[in-house]
Amino acid sequence: MVDIQETTLDTLEPGEKARITKVRVKGAARRKLFDMGMVAGADIELVRNAPLGDPMDYRIKGYHLSIRKEEASQIFINKL
Amino acid sequence: MEKREIKIALTGNPNVGKTTLFNALTGSRQHVGNWPGVTVEKKSGRISYKEYDIEVIDLPGTYSLTAYSMDEIVARDFIIEEKPDLVIQVVDASNLERNLYLTTQLMELGSQMLIVLNMCDIAEERGDRIYIDKMQELLATPVITTVATQKKGICDLLDKVIEQKQIEQHHGHEIGYGNEIEEKILEIEKVLSEDETRDKRYPLRWVSIRLLEGDSNVRQKISDSPVYERAMAIIDSIDQEEYEAEIADKRYLAINTVFPQMCTRANDTLTKSDMIDRVLTNKYLGIPIFLALMWGAFELTFAFATPFMDMIDIAATWFADYVSSSLHPDWLASLVGDGIIGGVGAVLVFVPNIFILFFLLSLLEGSGYLARAAFIMDKLMYKIGMHGKSFIPMLMGFGCNVPAIMAARSIEDDKDRLITILIVPFVSCGARLPIYVLFAGTFFGRQAGTVIFAMYILGILIAIISAKLLRGTVVKGKPAPFIMELPPYRVPTFKTSVIHMWDNGFMYIKKAGSIILVGVVVIWIMASFPWGVEYGSEASYVGSLGHAVEPLLKPLGFDWKISVALIFGLVAKEIVVASMGVLYGAGDNSEALSERLLADPGITALSSLSLMAFSLLYMPCVATVGVIKKETGSWKWTMFAIIYGVLVAWITAFIIYQGGRLLGY
Ligand SMILES: Nc1nc2c(ncn2[C@@H]2O[C@H](COP(=O)(O)OP(=O)(O)OP(=O)(O)O)[C@@H](O)[C@H]2O)c(=O)[nH]1
Ligand SMILES: [Mg+2]
C-alpha cells in the first residue's frame, strides 16, 4: 500500500520536517548517505537552499548535512 | 628504568577535535581547522607519562569503516593492520548520535577501545545531558570527557590509557543483523576461513560484513585468495542494495535503543551558528558576502603589510649599502651586496604579506566558513565540471599550492580529485605575490591594486577553463554527489591562527634562506663569470643562458634578463623577483630596484603585465610538481601538468603582449 503523503526529499520547503521512508540513491553515495544518518525512519528538516538554489542544507540527527537536489529527489519521505 | 611502551591511535568522525587533542597530548602543532577533512595523513607524536612512553597517532577523520576517500582508507588500514594497543574514538559530545555509528563498527573490529567525549563545553552550553556511567555500561567501554581546546581532561585520559593497558581485555560488543544477514555472514565466514593464508589481522566477521555491504576496497584485499570466487558467488546471490540498507538500519536501531538512555538532548533551539548562517548563506546576501570577504582579504593582505614592507625595504637598502662599502675585496662586496642582499632581500620584503595572508586563511579555516564556501559554490562548480568540495583546496591554494593539493585527498571521487590536483597550481599562491607587487608597483602606479587583483582573477579563470576542458576530454564524466557536513561556526582560537600564520610564514623565510639563497648565489656566479666580464652583462654566463632561450620568449615581450629570471623561477617562484634583484644589482646603489627596472628600456608596462601572467601560470614550482607526482602517483599526469602549464602560460602571455601592441600600447 502506498502512503498518499509519500513524496521525495527535494519537495520539502524550508522549515518543513519529514521522516525518511526509503533511500533509492545508487552507487557509492548510497552507503555514504547511510553513514551520515540518512536511513529509513530518521527525521529530517530542510533548513535552507544554498544561495544559488542547490545544494540544500538539511538538519538530521542534530547536525547539518548538505546534499544536492539530485540525490534528494531519490530519497522518499513522509512529511510530518 | 626502561619505560614501557604504549601505542594509541586517535580515530573518530571528521572535525571532532582529534588533532586538537593530539596537539594537547603531545605538544605538537599539527594543522587544526573547523571543517571536515583537515588531517589527510597519519601523524605520530610521543609523550612520556608516569612510567610509560606513549606513542600517539592522529588519523584522518572517517564517518564509517567503509572507506571511500584516500584519507579514510589510511585511517581504517592503520587501525586494522598496525593494531595499536588502544583505539581511542574521539566523539563530538554535541553530535553524539551520528558519532556512535562509527562506534558500532569499531566494536566489530574487536580492538581494545576507549571513548573520548570531546567538545563537552558545547554540549553543556546547549543544555544536553550525557550520563557517562550509563554510557560506559551500555557501550561496555570506558568513557573520558575532555575539552581539547582548553586542555581539560588530558590527565584523566592518560591515566585511563595506562589503566586500560593493564587490563588488556578485548571485548567484542557485536550488533546482531537479523537472521537472514547473520546466516549470510556465517556462510561467508566459513568460506573465508578455509583459506589458511588469509590476513589474520582482519576479523572474519568484519570482512564478511564489509563484503555484504559491497566494500570494494575490502573486496580488492581478498582478491588473491583461492576462495575469492566462492565468496563472491555468495555476494552475487544477494540483493546488495537491500543488504546495505538493512545493515545500516540495524546499526542505527542498536544506537536508537541505547542513545535515549545515555543522553537527553536540549530542545532544538536556534543556535548562534544557525543565526550566522541565516545571514552568510542567505539567498540574496550569500554570494555578495562571499565576494566581499574575498575582496576584503585581498585588500588586507596588502594594506596591512605596506608599512612593515617599507621598514624592511629601508633596512635592507641600508644594510646593502653598508656591506658593499665595508666589505673587501670587491667581489665579496658584490656577492653579498648585489647577490645575497639584493636577491634574498627582494624576497624577504614580502614576509609581512605572507604572514597576513596565512593569518586570514586560518581565520577562514577556523571559523567554519570554508565549508560554507564549498556549499555556496557547489552549483557553480558543478557547472564547470567540478565538485563543490574542490573549492576548499582552491581557497587554500592562495596560501600555498602544496598543502592545497594534499587537501584534495578528502574528495571521494578519483576523477574529481584528479581535476582538482591539476587545476590548483593555477591558483595564485603567496610565492607569486612578490612578482605582482614588484612589477605592478613599478609600472602601474596607482593602478597597481587593480592589476594585482586581475592576476588573481586570471588564475581562477584559467583554472575554471582548464577544469571544463579536462572534463570534456581526458577526464570525462560528471562530478560525484555532494554529501558534506556543515560544522557549526566557531570563534577561531587566536593561538591556532597565530601558530598557523607563524609556521607558514616561517617556512617562507626558511625558503628565502635556503633554496632561494642558493639560487641567488648561482645566478651571481653566472653573472660574474667568465672572469673579467662586466657584472651581469650580456657576455657573462647568465647572458649566454638568457640569449639561448630568448627567441622562445621574445614574442611575449621578454628580454634575456627576464628569461634568466624565469628559468631560475622554475625552482621557486620567488626566485623570479630574487634574480631581478641580483641582475639589476639593486644592492650596491641606494636607487631602489623598481627605479632601475623603470630605467631599463627592455621592460615596459605591457611586457611586465605579460610577465606577471606568465609567472602565474607557467609550470608549478618544484615542490608542487613533487606533490602532484606523489598524489597522482603518475608521471604521466605530472608531465601533463607541467607541459599544459607552460603552454597555457605562453599562449596567455602571447595574447596579452601581442594584443596590447596591436592596441597601440
Ligand atoms: N568548543 C570546542 N571546540 C573544539 C574542541 N576540540 C576541538 N575543537 C574545535 O573543533 C574544530 C576541529 O578540530 P580538529 O582538531 O581539526 O578536528 P579533527 O577531528 O582533527 O578533524 P579532521 O582532521 O578534519 O578529521 C577546530 O575548530 C577546533 O578548534 C573542544 O573541546 N571544544
Ligand atoms: Mg585532524
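See above for the structure.
Anyway, here's the lowdown on the structure attached to this text. (Residues numbered from 1 in each chain as written. Chains lettered and ligands numbered in written order. Predicted model: local features only at pLDDT ≥ 70, side-chain atom pairs only at ≥ 80, totals over all residues. Heavy atoms only, no water.)

Of regular secondary structure, chain B possesses 31 helices and nine strands. For 665 residues, the compact-globule estimate of 2.2 N^0.38 gives 26 Å, and the C-alpha radius of gyration of chain B, at 29 Å, lies within 12% of that figure. The dimensions of chain B, computed from C-alpha atoms along their principal axes, are 85 × 55 × 55 Å. Expressed as a percentage of its 665 residues, the buried residues of chain B come to 57%. A fraction of 74% describes how many contacts in chain B between residues 6 or more apart in sequence connect residues 24 or more apart. As presented, chain B carries roughly 27500 Å² of accessible surface, and 62% of it is formed by carbon and sulfur atoms. Each charge class in chain B was averaged separately, 60 positive and 74 negative side chains, and the resulting centres sit 2 Å apart. (Helix = DSSP H or I, 4+ residues; strand = E, 2+ residues; numbered from the N terminus. Rg over C-alpha atoms; globule rule 2.2 N^0.38 Å. Buried < 20%, exposed > 50% of the residue type's maximum accessible area, 1.4 Å probe, protein only. Contact = heavy atoms within 4.5 Å. Areas by Shrake-Rupley, 256 points an atom, 1.4 Å probe, with all protein chains shown as cover. Lys, Arg positive; Asp, Glu negative; His and termini not counted. Charge placed at Lys NZ, Arg CZ, Asp CG, Glu CD.)

All names here are of chain B. Ligand 1 sits among 24 residues. The nearest are Lys18, Thr19, Thr20, Val38 and Thr39. Within the backbone of Asn15, an N or O atom sits 3.0 Å from an oxygen atom of ligand 1. In the environment of ligand 1, an oxygen atom lies 2.5 Å from a nitrogen or oxygen atom belonging to the side chain of Thr20. If you tally residues by element for the shell around ligand 1, the top one is helix 1 (residues 18-26), at three residues. Its residues assigned to classes, the shell around ligand 1 comprises 10 nonpolar, 11 polar and three charged. (Near = heavy atom within 4 Å. Polar contact = N/O pair within 3.5 Å; in protein donor to acceptor, adjacent residues only side chain to side chain. Nonpolar A, V, L, I, M, F, W, Y, C, P; charged D, E, K, R; others polar.)

Attention shifts here to helix 13 (residues 286-303) of chain B. Residue and element names in this part refer to chain B. End to end, helix 13 covers 25 Å across 18 residues, agreeing with the expected 26 Å (1.5 Å per residue, within 8%). Among the residues of helix 13, those classed as buried are Gly286, Phe290, Phe298, Thr301 and Phe302. End-on, the buried residues of helix 13 take up no more than an arc of 155°, which puts them together on one face. (Expected span 1.5 Å × (residues − 1). Arc of directions from axis to C-beta.)

Okay, the interface of chain B and chain A next. Interfaces are frequently sized by the accessible area removed from exposure as the parts join. Counting residues at the interface gives 47 residues for chain B and 34 residues for chain A. Of the roughly 3700 Å² buried between chain B and chain A on both sides combined, carbon and sulfur atoms contribute 53%. The three residues of chain B that bury the most area against chain A are Tyr68, Phe375 and Ile483 of chain B, which together make up 18% of that side's buried surface. If you look at where chain B meets chain A, you find nine salt bridges. One salt bridge connects Lys26 of chain A with Glu241 of chain B, and the closest N-O pair in it is separated by 3.1 Å. Remark: the boundary between chain B and chain A carries 18 residue pairs in polar contact (both at pLDDT 80 or more). Of all elements in the fold, only helix 3 (96-109), helix 11 (240-262), helix 12 (272-280), helix 13, helix 17 (369-383) and strand 9 (483-486) of chain B reach the threshold of two or more residues within the side of chain B that touches chain A. With seven residues, the single largest contributor to the side of chain B that touches chain A is helix 11 of chain B. Class assignment of the residues belonging to the side of chain B that touches chain A gives a composition of 18 nonpolar, nine polar and 20 charged. (Buried area = accessible area lost by both parts, 1.4 Å probe. Salt bridge = Lys/Arg side-chain N within 4 Å of Asp/Glu carboxyl O.)

To continue, consider the packing of helix 15 (residues 330-348) of chain B against helix 24 (residues 515-528) of chain B. All names here are of chain B. Where helix 15 contacts helix 24, the axes come no closer than 9 Å and their chain directions differ by 135°. In this view, helix 15 runs oblique relative to helix 24, as classed from their interaxial angle. Read as a crossing pair, helix 15 and helix 24 show a hand that is right-handed. Within the contact between the two elements, helix 15 uses Trp331, Ser334, Leu335, Asp338, Gly339, Ile340, Gly343, Val344 and Val347 and helix 24 uses Ile516, Leu517, Val520, Val521 and Trp524. (Axes fitted to C-alpha atoms, helices over the stretch in contact; angles between N-to-C directions. Parallel < 35°, antiparallel > 145°, perpendicular 65-115°, else oblique. Left-handed = near helix turned anticlockwise from the far one by under 90°.)

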